[in-house]
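# Reading the structure
Chain by chain, the residues run as shown.
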Amino acid sequence: MRPLKNIYEYITPTELENIKEFSKGKSSPFWIIDLKKVGENYDELQKNLPVAKIYYAVKANPSDEVLRVLAQRGSYFDVASVYEVDQLLALGISPERMSYGNTIKKDKEIKYAYEKGIRLFATDSVSDVESLAKEAPNSKIIFRLLLGGSSSADWPLSKKFGAHQGMVYELVIKAKELGLIPHGLCFHVGSQQRDVGQWDTALGQCSHIFNDLKKVGIELKMIDIGGGLPAKYVNPAQDLEEYTEVIKKYLKEEFSDIPEIIIEPGRSIVGDCGIMVAEVVNVAKKSTHSATSWVFLDVGKFRGLIETIDESIKYPIFLERYLEKKADEYVECILAGPSCDSMDIMYENDKCKLPADISKGDRVYILTTGAYTYSYTSVCFNGFPPPSIYYIN
Ligand SMILES: *Cc1c(COP(=O)(O)O)cnc(C)c1O
């Protein structure tokens with residue numbers, strides 16, 4: 001069972017007061033997104049890793065409000081689709097500030113992005129390189145490296161993306177032959193990566209490929225070190241500064257001449273900027289003497305908490321009645337959502353410890369829900385609309 005946490009490990013007393021005040025009288029469920037914190041997280045990363053240009057991964061939280069805060073600070077953006085391209089353009093963000101990071105795209109989507117002015121694309125396959133040569137001539141290309149599956153990421157992004165080292169080498173040669181500009185390498189060590197050593201392995205591979213290509217006269221100029229920096233969930237990860245210090249050290253060790261560096265954070269920028277306020281719909285036992293209670297919330301896998309698949313992401317959860325004080329007694333609870341789908345269970349193996357008197361109508365604060373939540377919400381599965389979102393400054 002998960003350890004009992006103190007809410008002040010996640011937010012300050014003042015922030016908590018504001019959240020409580022703001023939540024009063026509002027109908028659940030909803031999110032509160034703290035835009036000031038979004039800006040602060042961006043600034044902190046830039047301060048700790050001045051060598052890197054920040055390309056915010058739009059998919060983590062694609063709301064206009066979040067994008068505006070980052071755009072004002074001079075952020076660049078990693079986009080996954082032409083729809084995100086359109087959204088950013090509509091916000092007045094120029095195409096020079098976008099990188100098309102998704103390696104999976106239709107020819108007509110490449111063409112569209114190119115026509116809109118995007119000149120930086122990621123790739124990981126022969127046929128995508130051919131499509132890029134045809135639809136986005138003279139563009140700068142970054143090649144995605146496939147990393148060995150790592151079990152230290154809570155939300156792995158291995159297997160599906162990237163090519164093995166030898167294949168990346170061939171793709172670079174091919175891209176050059178076809179008139180594209182081989183610009184750099186990219187990788188993603190897995191989201192919510194708890195082992196900072198993963199960046200060393202990846203940068204080591206990049207360094208090899210850089211050297212091999214130099215021998216045939218191709219000089220790559222850039223490394224995109226992806227996302228993977230953590231947000232604060234139940235299982236601890238090191239502080240941002242530990243990550244950035246170690247990444248800087250690895251860069252120095254692997255490269256005598258450090259190339260241009262870009263980073264694509266998503267979770268670490270917006271994760272801890274969101275709090276979800278939900279409500280207990282029912283508390284029930286499956287038999288009279290069962291030690292475990294089922295707690296049904298008005299949010300679930302289809303209403304913002306899809307990253308609880310396989311119980312991967314463990315959100316800190318607190319009852320509003322017990323934010324500042326401890327309960328006399330706690331019980332083991334299975335946490336589930338409101339829909340008529342039996343996979344709509346958030347935590348069954350890793351049970352939540354909740355106050356023993358938890359009951360219908362109790363308000364629950366689910367912390368660190370600013371990333372990969374609302375954009376994953378179903379349109380209206382079982383008729384439930386997506387929760388509302390409020391932005392505070
Ligand atoms: C999702 C994604 C990111 C963001 O990853 P986080 O772990 O949320 O920081 C960055 N780059 C690419 C290519 C991605 O697909």
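Further up the page is the structure itself.
Each chain has its residues counted from 1, running along the sequence as written. Since the coordinates come from a predicted model, pLDDT governs what is reported: local features require at least 70, and pairs of side-chain atoms require 80 or more to be given and counted, while whole-chain, interface and lining totals use all residues. Computation of side-chain values covers all heavy atoms of the structure but excludes hydrogens and water.

## Describing the site of the ligand
- A molecule or strand has a residue near it when one of that residue's heavy atoms lies within 4 Å. The ligand sits among 13 residues. The nearest are Lys-59, His-188, Ser-191, Glu-264 and Tyr-372.
- In this structure, Lys-59 approaches the ligand through a side-chain N or O atom, which is 2.7 Å from an oxygen atom.
- The term polar contact refers here to a pair of N or O atoms within 3.5 Å; inside protein, the definition further demands a hydrogen-donor-capable atom paired with an acceptor-capable atom, and it admits residues adjacent in sequence only when both atoms are side-chain atoms. Measuring from an oxygen atom of the ligand, one finds a backbone N or O atom of Gly-228 at 2.9 Å.
- Out of a free accessible area of 390 Å², the ligand has 93% covered by protein chains. Residue burial considers only the protein chains on display, and all accessible areas are found by Shrake-Rupley using a 1.4 Å probe.

## Considering unusual backbone geometry
- The step from Ser-28 to Pro-29 runs through a cis peptide bond, and the omega angle for that step is 5°.
- Helix and strand definitions follow DSSP, with helices as H or I runs of at least four residues and strands as E runs of at least two, each counted in order from the N terminus. In this fold, Pro-29 is placed in the loop between helix H1 (13-23) and strand E1 (30-34).
- Unlike most non-glycine residues, Asp-310 shows phi in positive territory, near 55°.
- If you trace the backbone, Asp-310 turns up in the loop between strand E13 (293-297) and strand E14 (317-319).
- Exposed residues in this analysis have more than 50% of their type's maximum accessible area, buried residues have under 20%, and partly exposed residues fall in between, with area computed by a 1.4 Å probe over protein chains only. Taking the relative accessible area as the measure of exposure, Asp-310 reaches 72% and is therefore exposed.
- For Asn-382, which is not a glycine, the phi torsion comes out positive at approximately 60°.
- Turning to its location among the elements, Asn-382 is positioned in the loop between strand E17 (363-367) and strand E18 (388-392).
- By relative accessible area, which is 36% here, Asn-382 ends up partly exposed.

## Quick notes on helix H6 (residues 126-135)
- Where H6 is concerned, the buried positions are Asp-128, Val-129, Ser-131, Leu-132, Ala-133 and Glu-135.
- Throughout, a residue-residue contact means that at least one pair of heavy atoms, one from each residue, lies within 4.5 Å. In this structure, the buried residues of H6 make contact with helix H5 (107-115), strand E5 (120-123), strand E6 (140-144) and helix H7 (165-177).

## Brief notes about the environment of Val-270
- With respect to the element layout, Val-270 can be found in helix H10 (residues 267-270).
- Relative accessible area serves as the criterion here: at 1%, Val-270 is assigned to the buried category.
- Spatially, the C-alpha atoms of Val-270 and Val-66 are 8.3 Å apart, while their sequence positions differ by 204 residues.
- Contacts of Val-270, omitting those with residues within four sequence positions, involve Val-38, Tyr-56, Ala-60, Asn-61, Val-66, Gly-370 and Ala-371.

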